[in-house]
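Chain and residue survey
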Amino acid sequence: MAQSRKTEHRTEGTNRARLCIGFALLLAALLGFVFWNIVAGSTHLSIREVFDGLVNPQSSQRAIVMNVRMVRILPAILLGGALALSGFLLQTFFNNPIAGPFILGISSGAKLVLSVTMIGFLSRGIALNSVMMITASFVGAMLAMGFVLAISAKVKRMSMLIICGVMIGYICSAITEFVIRFADDSNIVKLHDWAQGSFAAIKWENVAVIAAVVLPALVLTFLLSKPIGAYQLGETYAQNMGVNIRAFRAALILLSGVLSACVTAFAGPISFVGVAVPHLMRRLFKTAKPIVMIPACFLGGAVFCLACDLIARTAFAPNELSISSVTAVFGAPIVILVMLRRQKEGGR
Amino acid sequence: MNDTYFISAEHMTVGYDGKPLIENIEIGVRRGEILTLIGPNGSGKSTILKSVIKQLRLLAGTVVLDEQDMAGLKERDVAKKLAIVMTDCIRPELMTCWDVAATGRYPYTGRLGILSEEDKRIVDAAMATVRAQDFQDADFSRISDGQRQRILLARAIAQQPEVIVLDEPTSFLDVRHKLELLDILKRMVREQNVAVIVSLHELDLAEKISDRVVCVAHNRIDRCDTPEAVFSGDYIKQLYGIERGTFHAAFGSLEMARVEGEPKVFVIGGGGSGIPVYRFLQRANVPFAAGVIQQNDVEYPVANALAAELVSVPAFAVIDDEAIERAKQQIDLCKAVVTTVEIGETNRANEQLIAYALDKRMDTESLFDAVREGRL
């Protein structure tokens, strides 16, 4: 007995050290990429200019620092975190490590409904505001989620679910392309950029709305970490632990839907972040405990998107890549790795 | 012990997708009691258990837990009273065995589920109870099925329930751990006055631990009675529809079907000495006769189940001439006679058989050789 207490405390000690180091690394990476993102670009800024631009409203570089760089960095942080979190929630819900908003077609569903709504309103000369964009996108996300849920009730194999999700994604993307072809010329360029995924078009007033949606969703998700942990043991045991399964499942669906809808509304569909980041975080922290994973996924998603956006902006400057093509280059191999590992372990 | 059931099903109808499987179930268990469900595969034992723990929606009736309708209770309140060990295959990622057992503390922890020192002590104690300290830091998805079963039991113990519902908890366990698991259940029942509902395939174990036995078969509760009543006579054979072979109620032992036909070997056994020979001949598919033994002899159930012809006399009766005559007739049909028994006061008459069969006598080893070489 005394022996077991000792070993228990020892593993707890190493876990705590891992936690501290992990979060310190993530925070350092976040700060590092924020700084790099401010500095790098068509106008290279010095450290002094950056600092001056941040704190002094009269600074000559204020416009670049705030209205070119920061307005893009903050949404990359918030939406990157939101994507990773949404992926983590979907993985919990489907008990499937490669579930994510993009792979399951949820992002594409949001994109479809949002572009139809946008074109509809624009043709009448009305521009959508942030709240309307999120709402339309949320409706699309829920519709796609509805299809995925209906399919998941029929098929139990995880690979089938993913294939169906990818198909839903293709159908939605195809219809979106079709719809955009019919839009007025003036709308096409903007819509086309957005439909590929980009942080470029986001304005300061959008940032406030994004924060108002994503941050409360983050807090709510964190407060759900206890039932999420219970749900990792399967529905039967979760219920026996006192989780109200119906309410909990509804909460997971709504939260992951809101998060991915918010991302799609402002940055378009961004691929693979939702799968890759939670996986990397599980490797980094060697745990799947939601109380660690939720903040870790958020920070990790933020770092991942900042890094990818930096590459998208600067790699082939002055031409910009779509953010999705960069996240895919880094994210897709990770998804393949996850699948190979599951195969090796004789998973489903 | 109180008189009312701690958990009971009243007029419960269970089934899937709105289609009733078993109707009007009335079962219950008091604190300090073990209620065991037995019955053939697919008879609906698991369905009943899943319905009792609220995992399946009831098609009719109620489940009453501690005098309250469970449908109206909050999940968290149910969780503090009822723990489960089910057959679901769970493979949580990156969780140690200790972590899994610690999930039993869920209903007692706060909003974020952080374990207090007290919670940790309770989990440690539960791990010690199931003797799982040696592998408590191992990854739960990398241990054996039997070990997993013990961790799930530790989880249920850590939940400090008043009722435990277990679905075939002994399935993956070896003999030692089967006994240990049932011993732990017995102790919890005795010391903590817990109520237990369990489904078992091992009839011998069911007979040994149950206070009441529910027999489920043919889509109904066939019988609900004490183990003494259930495990007597031919009831179990009927319940499971055993056609080839027998089940001996008192010992809970199964025997293969006897080899029918004209006996080729006569075994003069008794006191358990003949059992290895009976089993050998059964395996070798050689019909045999045996006798003369009293019906209180330990090997009587085996001989009775396996011998094509058995000459026996009632319990504690003296072996009389009539029995000896019948045995001699059987010996006349046989090619070989083996004696495994020591002659003592009450089976003295068998000496007559040994003398009678002089030219057919063989020792056990040469009989085995003869059978193996097909000389019989």
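Anything mentioned here points back to the structure above.
Here the structure is a predicted model, which is why all the values come from computation and not from measurement.

Calculation notes
- Residues numbered from 1 in each chain as written.
- Chains lettered and ligands numbered in written order.
- Predicted model: local features only at pLDDT ≥ 70, side-chain atom pairs only at ≥ 80, totals over all residues.
- Heavy atoms only, no water.
- Helix = DSSP H or I, 4+ residues; strand = E, 2+ residues; numbered from the N terminus.
- Rg over C-alpha atoms; globule rule 2.2 N^0.38 Å.
- Contact = heavy atoms within 4.5 Å.
- Axes fitted to C-alpha atoms, helices over the stretch in contact; angles between N-to-C directions.
- Parallel < 35°, antiparallel > 145°, perpendicular 65-115°, else oblique.
- Left-handed = near helix turned anticlockwise from the far one by under 90°.
- Nonpolar A, V, L, I, M, F, W, Y, C, P; charged D, E, K, R; others polar.
- Buried < 20%, exposed > 50% of the residue type's maximum accessible area, 1.4 Å probe, protein only.
- Pairing = 2+ DSSP bridges.
- Core = buried A, V, L, I, M, F, W, Y, C linked by side-chain atoms within 4.5 Å.
- Expected span 1.5 Å × (residues − 1).
- Polar contact = N/O pair within 3.5 Å; in protein donor to acceptor, adjacent residues only side chain to side chain.
- Phe/Tyr/Trp six-rings, centres within 6.5 Å; stacked < 30°, edge-to-face > 60°.
- Lys NZ or Arg CZ within 6 Å of the ring centre and 35° of its normal.

Here we take up the overall build of chain B. Helix and strand counts for chain B come out as 14 helices and 17 strands. Rg of the C-alpha trace for chain B: 27 Å, well past the compact-globule value of 21 Å for 376 residues, more than 25% over. Viewed in the frame of its principal axes, chain B has a C-alpha envelope of about 85 × 45 × 40 Å. In chain B, the share of contacts with a sequence separation of at least 24, taken over all contacts with a separation of at least 6, comes to 65%.

All names here are of chain A. Where helix H3 (residues 62–94) contacts helix H13 (residues 290–314), the two axes come as close as 7 Å, and the packing angle between them is 135°. When the axes of H3 and H13 are compared, the pair comes out oblique. Seen along the crossing, H3 lies across H13 with a hand that is right-handed. Between H3 and H13, the residues in contact are Arg69, Arg72, Ile73, Ala76, Ile77, Leu78, Gly80, Gly81, Ala82, Ala84, Leu85 and Phe88 and Pro290, Met293, Ile294, Cys297, Phe298, Gly301, Ala302, Cys305, Leu306, Asp309 and Arg313, respectively. When the residues that make up the contact of H3 with H13 are grouped by side-chain class, the tally is 16 nonpolar, three polar and four charged.

Residues and elements named next belong to chain B. Following Gly291, the chain continues to Val292 via a peptide bond in cis, the omega torsion being -15°. Following the sequence through the fold, Val292 ends up in strand S14 (residues 288–294). Positioned with a positive phi, Asp17 is a non-glycine residue whose angle comes to about 50°. With respect to the secondary-structure elements, Asp17 resides in the loop between strand S1 (7–16) and strand S2 (19–29). By relative accessible area, Asp17 is classed as exposed at 74%.

Residue and element names in this part refer to chain B. Judged by pairing direction, the sheet is antiparallel, and its four strands sit side by side in the order S2-S1-S4-S5 without closing on themselves. Each edge of the open sheet is held by one strand with a lone partner, namely S2 and strand S5 (68–69). Here S1 pairs with strand S4 (residues 60–65) via five bridges, running antiparallel. By the bridge assignment for S4, Glu10 is matched with Thr62. Sheet strands in contact with helix H1 (residues 45–52) are S1, S2 and S4, and its direction is about 120° off that of S1.

In this structure, A:Leu79, A:Phe266, B:Ile38, B:Ile48 and B:Phe231 are the most contacted members of the largest nonpolar core, which totals 192 residues. Formed by 21 residues, the second largest nonpolar core is a distinct cluster that contains B:Ile275, B:Ala290, B:Leu306 and B:Phe368.

Here we come to helix H5 (residues 130–154) of chain A. Residues and elements named next belong to chain A. With 25 residues, H5 ought to run about 36 Å at 1.5 Å a step, and its terminal C-alpha atoms sit 36 Å apart, in line with that. Looking at H5, one finds that the buried residues are Ser130, Met133, Ile134, Ala136, Ser137, Gly140, Ala141, Ala144, Met145, Val148 and Ser152. On its buried face, H5 sits against H3, helix H4 (106–123), helix H6 (158–181), helix H8 (204–223) and helix H11 (245–267). At the N-terminal boundary of H5, the capping side chain belongs to Asn129, with an oxygen 3.1 Å from the backbone nitrogen of Val131.

Our next topic: the packing of aromatic side chains. Under the definition given, this model contains eight aromatic pairs over all chains. When the centroid spacing of 5.9 Å and the interplanar angle of 10° are considered together, the rings of A:Phe33 and A:Trp36 count as stacked. One end of the pair is A:Phe33 and the other is A:Trp36, both in helix H1 (residues 2–39) and three residues apart, which spans about a single turn. Given the relative accessible area of 49%, A:Trp36 is considered partly exposed. Note on B:Phe231 and B:Phe247: the rings are 6.4 Å apart at their centroids and 50° apart in plane angle, and the pair reads as tilted. Placement of B:Phe231 in the loop between helix H8 (227–230) and helix H9 (235–240) and of B:Phe247 in strand S11 (residues 246–248) is noted, with a sequence separation of 16 residues between them. In this pair, the class of B:Phe231 matches that of B:Phe247, namely buried. When the ring centre of B:Phe6 is taken as reference, the NZ or CZ atom of B:Arg31 above it lies at 5.2 Å. Sitting over the ring of B:Tyr235, B:Arg223 keeps its end group 4.5 Å from the ring centre.

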